[in-house]
Amino acid sequence: MTHILVVGGAGYIGSHMVKQLSRSGYEVVVLDNLSTGFREFSLYGELVVGDLANLNLLEHLFSTHKFSAVMHFAASSLVGESVTNPAKYYRNNVAGTLNLLDVMVRHGVKNFIFSSTAATFGEPEYTPIDERHPQNPINPYGASKLMVERILQDYASAYGLNSVCLRYFNACGADPDGELGECHNPETHLIPLVLQAASGRRESIKVFGRDYATEDGTCIRDYIHVEDLCSAHGLALQHLLSQHIQGAQAYNLGNGQGFSVQQIIDAAIKVVAEQGYKLKVEEAERRAGDPAVLVADATRAKNELGWQPKFDSIDTIIRHAWQWELKQAAKLNH
Ligand code: UDP
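Residues numbered from 1 in each chain as written. Predicted model: local features only at pLDDT ≥ 70, side-chain atom pairs only at ≥ 80, totals over all residues. Heavy atoms only, no water.

Enquirer: Is there a simple way to explain the packing of aromatic side chains in this structure?
Expert: Describing an aromatic ring pair means giving the distance of the ring centres and the angle of the ring planes. Applying the stated criterion across every chain, the model contains 7 aromatic pairs. Summarising the aromatic geometry, the rings of F112 and F114 are spaced 6.2 Å apart at their centres and angled 15° between planes, so their arrangement reads as stacked. Side by side, F112 and F114 carry an identical accessibility label, which is buried. Three or more aromatic residues joined by ring pairs make a cluster, and in this case those are F38, F41 and W324. The positively charged end of R286 is found above the aromatic ring belonging to Y212, 3.9 Å away from the centroid. (Phe/Tyr/Trp six-rings, centres within 6.5 Å; stacked < 30°, edge-to-face > 60°. Buried < 20%, exposed > 50% of the residue type's maximum accessible area, 1.4 Å probe, protein only. Lys NZ or Arg CZ within 6 Å of the ring centre and 35° of its normal.)

Enquirer: Can you walk me through the sheet that holds strand 3 (residues 46-49) in this structure?
Expert: In a beta sheet, neighbouring strands are held together by backbone hydrogen bonds and run either parallel or antiparallel to one another. In space, the 7 strands of this open sheet follow the order 3-2-1-4-5-6-11, with parallel pairing throughout. Across the chains shown, the open sheet's two edge strands, defined by having one partner strand only, are strand 3 and strand 11 (248-253). Averaged over neighbouring strand pairs, the angle between their axes works out to 20° when direction is ignored. The sheet strands contacting helix 5 (residues 140-159) are strand 5 (111-117), strand 6 (162-168) and strand 11, and the helix crosses strand 5 at an angle near 155°. (Pairing = 2+ DSSP bridges. Helix = DSSP H or I, 4+ residues; strand = E, 2+ residues; numbered from the N terminus. Axes fitted to C-alpha atoms, helices over the stretch in contact; angles between N-to-C directions. Contact = heavy atoms within 4.5 Å.)

Enquirer: Help me understand the sheet that holds strand 9 (residues 220-221), please; the structure alone is not making it clear to me.
Expert: Read from one edge to the other, the open sheet built from 3 strands follows the order 12-9-14, with strand pairing classed as mixed. Here the strands that pair on one side only, and so sit at the sheet edges, are strand 12 (259-260) and strand 14 (293-294). Summarising the sheet, strand 9 and strand 14 pair through 2 bridges and their orientation is parallel. Note that in strand 14 the partner of R221 across the bridge is L294.

Enquirer: Whenever I open this one, unusual backbone geometry confuses me. Can you help?
Expert: In terms of backbone geometry, most residues other than glycine have negative phi values and most peptide bonds are trans. Each neighbour pair has its own omega, and for T127 with P128 the value is -10°, a cis peptide bond. Structurally, P128 is set in the loop between strand 5 and helix 5. A cis amide bond links N185 with the next residue in sequence, P186, at an omega value of 5°. In this structure, P186 sits in the loop between strand 7 (170-172) and helix 6 (190-199). A positive phi angle, near 60°, is found at L34, a position not held by glycine. Mapped onto the elements, L34 comes out in the loop between strand 2 (27-32) and strand 3. For L34, a relative accessible area of 23% puts it in the partly exposed group. Positive phi outside glycine occurs at Q243, with the angle close to 65°.

Enquirer: Would you take a moment to explain the site of the ligand for this structure?
Expert: Of all residues adjacent to the ligand, which total 15 residues, the nearest are L190, K206, R221, R287 and D290. The contact in question runs from an oxygen atom of the ligand to an N or O atom on the backbone of L190, over 2.7 Å. Contact between the ligand and F208: an oxygen atom at 2.9 Å from a main-chain N or O atom of the residue. For the ligand, whose unbound accessible area comes to 510 Å², protein coverage reaches 86%. Secondary-structure elements contributing two or more residues to the shell around the ligand are helix 6 and strand 8 (205-208). When residues in the shell around the ligand are grouped by element, the largest group, 4 residues, is from strand 8. Its residues assigned to classes, the shell around the ligand comprises 8 nonpolar, 3 polar and 4 charged. (Near = heavy atom within 4 Å. Polar contact = N/O pair within 3.5 Å; in protein donor to acceptor, adjacent residues only side chain to side chain. Areas by Shrake-Rupley, 256 points an atom, 1.4 Å probe, with all protein chains shown as cover. Nonpolar A, V, L, I, M, F, W, Y, C, P; charged D, E, K, R; others polar.)

Enquirer: Sorry if this is basic, but what is going on with the packing of helix 1 (residues 12-23) against helix 7 (residues 226-241) here?
Expert: Think of two packed helices as two axes; the pair is described by the angle between the axes and how far apart they sit. One way to put it is that helix 1 packs onto helix 7 with a least axis distance of 9 Å and a crossing angle of 55°. Considering the angle they form, helix 1 stands oblique to helix 7. Every pair of crossing elements has a handedness; the one defined by helix 1 and helix 7 is right-handed. Between helix 1 and helix 7, the residues in contact are Y12, I13, H16, M17, Q20 and L21 and V226, E227, L229, C230, S231, H233, G234 and L237, respectively. Considered class by class, the residues forming the contact of helix 1 with helix 7 number 8 nonpolar, 5 polar and 1 charged. (Parallel < 35°, antiparallel > 145°, perpendicular 65-115°, else oblique. Left-handed = near helix turned anticlockwise from the far one by under 90°.)

Written out as structure tokens, the structure reads:
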């Protein structure tokens, strides 16, 4: 049995990952402090509740398990909060990750997969964004993730720690079986908010600005299904375990196709109408720090990892997220 530690495995992306890993025959241990994750999302593997700040716990975990690799999804990830409370972001995302990397080095665990982000690039100089694009983050969240990317390069040369950073664009969608989905508190992401407006959990969806330099004036993003993100991690893991990937590598993950806020709303209106639901759309001011267009060039992940997104239709993404949203709304009504 190959043992994998998934840090943050009770969160949105981590829980989908744990399910995929378990289904593929890996033995999974989840470490999660449940600050933004949920015990109910921990359906597979063994859950250890704890924080990366707890060095004794980390030491104990690595002394009692022989991990072949570590996947690290646990992070504070609200851009706005990172501006007002940067200490939290540097402590959790940088110092916490350092604790994890150091215990890995001490115990000779050599393979690491890290959730990075398009926010490490900052304001795009060109799109689609490939791995050669300059990384100049414009908020502490993006900066904290870039610092870890940098640390991983140095840990590869000094300690032989092999790593893959996967830079997500807009993670979305839900488990096609309907067991898992997105749940943030507060929710800030477009697709869940649109669907909550349709299910009645929210009054309306607000469009943050219609005066961007795009065809319909709303921002364009690259929405990537959580299952496809996880399949990229699965491939990265195989390449690390077979030593086809060494050193510190990084890949951008997206579908390479952008959708505007208005296109997402239109697609959602169509999907929810099939069951007789509607939603109210309101206009709002631009949100600070939103670039007009963010689209990934994922050619490198396709060529080197052999990755191919399976759920790249926006309709499928919204259908899976809607199935999950209806379940959440029904739970609240009972
Ligand atoms: N957005 C919006 N209304 C909302 C939430 C988001 O118009 O209630 C827009 C946001 O300005 C951005 C896009 O939807 O252009 C995607 O935002 P999200 O927060 O989902 O992801 P981000 O791109 O910030 O990571």
